[in-house]
Amino acid sequence: MQSILITGGLGYIGSITITELYKTIGKQYKIIILDNLINSKIQVLDTISSIIGEKLDLHIVDIQNYNELSEVFKKYQETNPINYIIHFAALKAVGESVENPIKYYQNNVVGTLNLLRCAEEYKCQNFLFSSSATVYAPGEFVDEEAPFKPSNPYGETKVVIEYLIRSLSKKGGRYLCLRYFNPVGATKDGKLGEMPNKPNNLFPYIEQVAIGNLEQLYVFGNDYNTHDGTGIRDYIHVLDLAEAHVVALQELIKRDEKNENYYDYFNIGTGKGFSVIDIVNEYSKLVPIKYQITNKRVGDVAILVANPNKTKEKLGWIAKRGLTEMCQDSYNFIKSKQ
């Protein structure tokens, strides 16, 4: 049995993707989780196990440590060789990346370089990369051929990694980059969702206000060129995002079985934009969300919304869930953790 290595597998998106994978193709492969627990919790492993009915292998390893990473590949080489990698592990806070770009380049770029070195050494040629819409300049209905123009160091690290992957793909193998927009929400049963050690994104902040841990939400800027002056983003339900990863991995498997070389990149978004105030108003239908306008953050942009047409045409994937469902599932999750 071959293995699928999932880096950052105890994180928000990684953990939910594992449960979705297991429903479809997971039992045909051994799933191996790698996580450094910097922005995740060990208890998530038990939650995953309770959902799928199986305890998965976990390696508490930082991708910046090449030797430890290599040992993980070596361990399974004879019995369950790692043949597919889904690479989620990364630092992802835009504001922090502006304050500490070296930390972001070291973790995201050097860490991914280590992972790709191991993949090459152990002859794993199927790589699914968690990229980001931050690789683009601001815009509405941005398609995949828009030029790279990141507004912050976090986005820059994703661009560097995509260039590296593109270069590697010319030597053969199968590589997919998923550029996703703004994942939010949680699983329907409220068991898995986003609980960062330190909130950096809009929904985790709103959740903390919703349950009374924070007095109010700070809205960064209200003079953008948008309908209400606050930033507009393309928010996607995390279950839709997880399902996109399943579809993308199935594409890699299909190409691998035919021994075809393959490289592509896709937007994972809805094509619909909502402002910060739109989100606050929708969430306030569930529980009042007090907010205060404050200064803009360095690195933020006015509007960024996906054109998801290529993904629909080539992968057959579309987002199914709307904003009301995103807010409801988010609130149900955070309430259950009180």
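The rules we used
- Once a new chain begins, its residue numbering starts again from 1 and follows that chain's sequence as written.
- Under the rules for a predicted model, residues below a pLDDT of 70 receive no local features and side-chain atom pairs below 80 are neither given nor counted, while totals for whole chains, interfaces and linings still include all residues.
- Side-chain metrics rest on all non-hydrogen atoms present in the structure, leaving aside hydrogens and water.
- UniProt positions are given in the numbering used here, feature names are shortened, and annotations may be inferred rather than shown by experiment.
- The pairing criterion for strands is at least two bridges between them, as found by DSSP.
- A run of H or I in DSSP counts as a helix once it spans at least four residues, and a run of E counts as a strand once it spans at least two, with each numbered from the N terminus.
- Helix axes are fitted only over the stretch in contact, all axes being lines through C-alpha atoms; the angle between N-to-C directions runs from 0 to 180 degrees.
- Contact criterion: two residues are considered in contact whenever any of their non-hydrogen atoms come within 4.5 Å of each other.
- We define a salt bridge as a side-chain nitrogen of Lys or Arg found within 4 Å of a carboxyl oxygen belonging to Asp or Glu.
- Each residue gets one of three labels from its accessible area relative to the maximum for its type: buried under 20%, exposed over 50%, partly exposed in between, using a 1.4 Å probe on protein chains only.
- To estimate the expected span of a helix, count its residues, drop one, and scale the result by 1.5 Å.
- Throughout, disulfides are identified as pairs of cysteine sulfur atoms within 2.5 Å of each other.

For the protein chain, an unreviewed UniProt entry supplies the name UDP-glucose 4-epimerase and the organism Paramecium pentaurelia. As stated in UniProt under Sequence similarities (unreviewed entry), the record for the protein chain gives "Belongs to the NAD(P)-dependent epimerase/dehydratase family." What the UniProt record of the protein chain gives under Cofactor (unreviewed entry) is the line "NAD(+)".

Caption draft 1: Just the sheet that holds strand S15 (residues 303-306), in detail. With respect to topology, four strands assemble into an open sheet ordered S6-S15-S10-S13, the strand pairing being mixed. Looking at strand neighbours, the two that pair on one side only are strand S6 (139-142) and strand S13 (274-275), the edges of this open sheet.

Caption draft 2: Region of interest: the sheet that holds strand S5 (residues 126-132). Strands sit in the order S3-S2-S1-S4-S5-S7-S12 across an open sheet of seven strands; the sheet is parallel. Looking along the sheet, the strands with just one partner apiece sit at the ends: strand S3 (57-60) and strand S12 (262-268). Direction aside, neighbouring strands of the sheet carry axes that sit 15° apart on average. Relative to S5, strand S4 (residues 82-87) runs parallel, the two being bridged by three bridges.

Caption draft 3: Looking closely at the side chain of Glu-251. Here Glu-251 lies in helix H8 (residues 238-257). Ignoring anything within four residues of it in the chain, the contact list for Glu-251 reads Leu-176, Tyr-262 and Leu-315.

Caption draft 4: Quick peek at the UniProt feature "domain: NAD(P)-binding" (unreviewed entry) in the protein chain. The UniProt entry lists residues 5-329 under the feature "domain: NAD(P)-binding" (unreviewed entry), expressed in the numbering used here. Secondary structure across residues 5-329 divides into 40% helix and 20% strand, with the first and last C-alpha atoms of the span separated by 28 Å.

Caption draft 5: Representation of the pattern of salt bridges within the structure. Summed over the entire model, instances satisfying the criterion amount to 22 salt bridges. We note a salt bridge from Glu-243 to Arg-321, for which the minimum N-O separation is 3.0 Å. Residue Glu-243 is found in helix H8, and its partner Arg-321 is found in the loop between helix H10 (309-315) and helix H11 (323-336); the two are separated by 78 residues along the sequence. For the residue pair Glu-243 and Arg-321, the accessibility class agrees, reading buried in each case. Linking Glu-282 and Lys-285 is a salt bridge whose minimum nitrogen-to-oxygen distance equals 3.1 Å. Judged by its relative accessible area of 14%, Glu-282 falls in the buried class.

Caption draft 6: Representation of H11. If you check H11, its first and last C-alpha atoms are 20 Å apart, about what 14 residues at 1.5 Å a residue would give, namely 20 Å. Those residues of H11 not exposed but buried are Leu-323, Met-326, Cys-327, Asp-329, Ser-330, Tyr-331, Phe-333 and Ile-334. Where H11 is buried, its residues touch strand S8 (182-184), helix H7 (202-210), strand S11 (235-237), S13 and helix H9 (276-283).

Caption draft 7: Region of the structure containing the state of the cysteines. Inspection of every chain in the model, using the stated rule, returns zero disulfides. Of the cysteine sulfurs around Cys-124, a residue in no disulfide, the closest is that of Cys-118, at 10 Å. No disulfide involves Cys-177; its sulfur sits 14 Å from that of Cys-124, the nearest cysteine. Note on Cys-177: relative accessible area 0%, which makes it buried.

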